[in-house]
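# Inside the fold
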Amino acid sequence: MSKFLRQSSGLVKQATLKDLVMLNVANMGAGLAVFQGISPYIVPGARLWVASLLTFLISLPLVLLYTALMTRMPRTGGDYVWLSRKLNGTLGNIMGIAIAFNMPPFFALSAFFSVSAINAVLSEIGVLDNVKSLVYLSNNVFVNPYGTLTLGQELLIYGLSALAFLMIIAVNIVKPRWGYSLTTWLGVFASATLALGVVMILLNAGDFHQLVGVFLSREGVTPSSYSGPSFSLGSTVYMIPYFASYAYIWLYAGPAVASEAKGNVKLNLVLGSLLTTAMITVPFLVMDLVGGYAFNASLYPSFTYNFWTAAIAVSPLPVQWLLGLGLISWNFFVMAFGVVVFSRYIFAFSFDRIFPSAFAKLNRASSPYVAHVLDLILTLIFLAIPLISVNGAESLYAYTPLAAIYLFLVGLTGVKVGRSEGKSSLVILGALSSAFMAFLAYESVTNPFFGVVSSSGINVIGTGYLVALVGSGALIYAVASRLRRKEGIELREVFREIPPE
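Report follows, based on the coordinates. Keep in mind that this is a model prediction, so the values were computed, not measured.

## Here's the deal with the overall build of the protein chain
Helix and strand content of the protein chain: 25 helices and two strands. Since a compact globule built from 501 residues should have a radius of gyration of about 23 Å, the 23 Å found for the protein chain is in line with a globular shape. On the principal axes, the C-alpha backbone points of the protein chain span a range of 75 × 50 × 50 Å. For the protein chain, buried positions account for 58% of its 501 residues. Restricting to contacts in the protein chain with at least 6 residues of sequence separation, those with at least 24 account for 84%. About 18900 Å² of surface is accessible on the protein chain, with carbon and sulfur atoms providing 66% of the total. Taking the average location of the 28 positive side-chain charges in the protein chain and that of its 19 negative ones, the two points are 13 Å from each other.

If you want it as structure tokens, here you go:
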């Protein structure tokens, strides 16, 4: 029996460089990072735009390492293939499954909590322009999911999230090319509106405090005096793990679909990282230049004041709606990329005979439709968790330690590949990447922000979730290894070869 499921994957080369770049931009989520992702957690003296630049520079070796490994092994499944072929088959498979199965819960919860963006847009435009119907919708229908919800409100959020995810899944099943295009154009629109927000703040710099003050007063937020330092290097460096875990380390999207790329894949991660850096750094820089550090630092922790709400507050009504739609589209942008990428990991596991062969089936349009159906089922299940417990659902965001360990192993893979090829540059990139990931792993298990520990001790749900992910990977691998051995296939032999395109 053949080691692999078939002699070629059957996937079609139909992803352009623009598609790959936008997949990476979605993976790093710049537009959501400048919404409520980072600024509410600012510490006195931290300059967020400086911290963003520092995080980019520190994570650059990882970007270059991913690029080097991707160009050597452009296969479906990306980093899973590198780990299982070049580091250790068993370890690579277990960790690959664990990191992949973290995706459906993350995207499901992102879909559920994305209503916070819709709520913020409706609420702000409603109070700014005295549109009572919008205020009503934000208070009674598209409510803040972090608040106290009625069962009807929870079910509405669940239904809308499920419908959105179902539509994205359907597009990808009917034609994969449409799935790439959907992600790309959502990304183009979302990124363009973020740039528009920067322009609006700059154009209204003279009236910024007055216009934002009107919004804050109507939202019931009172600016307080800030007496801390305007810059502290220690505080700025302290924010690096926040930026890393939210945006800069997420590099798996482009590599996961590299076998479907048209032409050279070398530039997609570099371009995606540069765009992300610009879309995070520039908004925070402009906010400091126009709003002033003390003003921003006193208001960021309110969760009401951030780049997006400030940009909407200084804009005329038509632009307010455009910016609002842009913020909302960032959430759908992230969901769209997730549907594409998760299916490719499942496809890769099936192609290696770890998962049942059905998950590598393709329809006439060359879509891994069974893998997409699995994604839909898992997402619908995890979408129900916030209905049971919002706090429990938030605990499932405690995935940073798993990611840090996974990327630490990618760094070791780079070291091993570099030594075998006699490439000192690859050894250095791998070592630097592993060192940064070791630091991030330590931070993620000691800082309550990351959900593994809290002020009262270990977060049982978050820690249990991580253990369950790794345990599931180990169990699936053990079962697959036993079943394949009965068929005359040793999985360790499968991992000696790069899978065919």
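## Looking at a nonpolar patch on the surface
Together, Leu-17, Leu-267, Leu-271 and Leu-274 give the surface a local cluster of nonpolar side chains, amounting to about 320 Å² of exposed area. With respect to the helices, strands and loops of the structure, Leu-274 is situated in helix H15 (residues 268–291). For Leu-274, a relative accessible area of 44% gives the class partly exposed.

## Some points on unusual backbone geometry
You will see that Asn-130, though not glycine, has its phi angle at about 55 degrees, which is positive. Judged by relative accessible area, Asn-130 falls into the exposed class, the value being 60%. Here Ser-366, not a glycine, exhibits a phi torsion of approximately 65 degrees, which is positive. Looking at the secondary structure, you find Ser-366 in the loop between helix H18 (317–351) and helix H19 (369–383).

## Some thoughts on the nonpolar core
Among the nonpolar cores identified, the biggest contains 166 residues, and Ile-201, Phe-208, Ile-249, Tyr-305, Trp-330 and Ile-354 are the most heavily contacted of them. Examining the composition of this core, we find that 18 residues originate from one element, H18, more than from any other.

## Some thoughts on the pattern of salt bridges
Summed over the entire model, instances satisfying the criterion amount to ten salt bridges. Here Asp-19 and Arg-177 are joined by a salt bridge, their closest N and O atoms 2.8 Å apart. With Asp-19 in helix H1 (residues 17–28) and Arg-177 in helix H10 (residues 176–203), this residue pair connects regions lying 158 residues apart in the sequence. Arg-177 carries the same exposure label as Asp-19, and that label is buried. Linking Glu-490 and Arg-492 is a salt bridge whose minimum nitrogen-to-oxygen distance equals 3.3 Å.

## A few points about the environment of Gly-77
Its place among the elements puts Gly-77 in the loop between helix H3 (48–72) and helix H4 (79–87). Exposure remark for Gly-77: the relative accessible area of 0% places this residue in the buried category. Sequence separation between Gly-77 and Leu-376 is 299 residues; the distance between their C-alpha atoms is 19 Å. In this structure, Gly-77 is in contact with Ala-256, Arg-344, Tyr-345 and Ala-348, ignoring residues within four places of it in sequence.

## Re the packing of aromatic side chains
The full count for this structure, using the stated rule, is 30 aromatic pairs. On the numbers, 5.6 Å between centres and 70 degrees between planes, the contact of Trp-250 with Tyr-399 is edge-to-face. One end of the pair, Trp-250, is in the loop between helix H13 (240–248) and helix H14 (253–256); the other, Tyr-399, is in the loop between helix H21 (390–395) and helix H22 (400–421), and 149 residues separate them in sequence. Plain terms: the ring middles of Phe-307 and Trp-308 are 5.6 Å apart, the flat faces sit at 70 degrees to each other, and that makes the pair edge-to-face.

## Notes on the side chain of Thr-379
By secondary structure assignment, the location of Thr-379 is in helix H19. At a separation of 2.7 Å, a polar atom in the side chain of Thr-379 contacts the main-chain carbonyl oxygen of Asp-375. Discounting chain neighbours no more than four positions away, the residues touching Thr-379 are Pro-104, Ala-108 and Phe-165.

## With respect to the packing of H3 against helix H23 (residues 424–446)
For any two helices packed against each other, one specifies the inter-axial angle together with the distance between the axes. At a minimum axis distance of 8 Å, the contact between H3 and H23 shows a crossing angle of 130 degrees. Taken together, H3 and H23 sit at an angle that is classed as oblique. Once H3 is placed against H23, the crossing between them reads as left-handed. Residues Ile-58, Ser-59, Pro-61, Leu-62, Leu-64, Leu-65, Ala-68 and Arg-72 of H3 form the contact with H23, whose own contacting residues are Leu-426, Leu-429, Gly-430, Leu-432, Ser-433, Phe-436 and Met-437.

## Concerning the side chain of Arg-75
Locating Arg-75 in the fold gives a position in the loop between H3 and H4. The buried charged residue Arg-75 lacks any salt bridge, with Glu-501 as its nearest oppositely charged partner at 4.0 Å. When sequence neighbours within four positions are dropped, the list of residues in contact with Arg-75 reads Val-81, Pro-255, Ala-256, Ala-258, Ser-259, Ile-498, Pro-499, Pro-500 and Glu-501.

## A closer look at helix H6 (residues 103–113)
Each α-helix turn comprises 3.6 residues. Residues three or four places apart therefore point the same way. Within H6, ten of the eleven residues are buried, leaving the element largely enclosed by the surrounding structure. Those residues of H6 lying buried are Met-103, Pro-104, Pro-105, Phe-107, Ala-108, Leu-109, Ser-110, Ala-111, Phe-112 and Phe-113.

## Points about the packing of H6 against helix H9 (residues 151–174)
Between H6 and H9, the shortest axis-to-axis distance is 9 Å and the interhelical angle comes to 125 degrees. As far as their axial angle goes, H9 and H6 are oblique. Taken as a pair, H6 and H9 cross one another with a handedness that is right-handed. Contact with H6, carried on its side by Phe-107, Ala-111 and Phe-112, involves Glu-154, Ile-157, Tyr-158, Ser-161 and Phe-165 of H9 and no other residues of that element.

## With respect to the environment of Ala-164
For Ala-164, the location among the structural elements is in helix H9. Each C-alpha atom of the pair Ala-164 and Leu-109 lies 13 Å from the other, and the pair is 55 residues apart in sequence.

## Side note on the environment of Val-410
Summarising the element assignment, Val-410 is placed in helix H22. Classification of Val-410 as buried rests on a relative accessible area of 1%. Distance from Val-410 to Leu-151, taken between C-alpha atoms, is 44 Å for residues 259 residues apart in sequence. Setting aside its immediate chain neighbours within four residues, Val-410 contacts Leu-65, Tyr-66, Leu-69, Asp-79, Trp-82 and Leu-83.

Calculation rules
Residues numbered from 1 in each chain as written. Predicted model: local features only at pLDDT ≥ 70, side-chain atom pairs only at ≥ 80, totals over all residues. Heavy atoms only, no water. Helix = DSSP H or I, 4+ residues; strand = E, 2+ residues; numbered from the N terminus. Rg over C-alpha atoms; globule rule 2.2 N^0.38 Å. Buried < 20%, exposed > 50% of the residue type's maximum accessible area, 1.4 Å probe, protein only. Contact = heavy atoms within 4.5 Å. Areas by Shrake-Rupley, 256 points an atom, 1.4 Å probe, with all protein chains shown as cover. Lys, Arg positive; Asp, Glu negative; His and termini not counted. Charge placed at Lys NZ, Arg CZ, Asp CG, Glu CD. Patch = residues over 30% accessible without salt bridge, like charges linked within 9 Å, V, L, I, M, F, W, Y side chains within 5 Å. Salt bridge = Lys/Arg side-chain N within 4 Å of Asp/Glu carboxyl O. Core = buried A, V, L, I, M, F, W, Y, C linked by side-chain atoms within 4.5 Å. Phe/Tyr/Trp six-rings, centres within 6.5 Å; stacked < 30°, edge-to-face > 60°. Polar contact = N/O pair within 3.5 Å; in protein donor to acceptor, adjacent residues only side chain to side chain. Axes fitted to C-alpha atoms, helices over the stretch in contact; angles between N-to-C directions. Parallel < 35°, antiparallel > 145°, perpendicular 65-115°, else oblique. Left-handed = near helix turned anticlockwise from the far one by under 90°.

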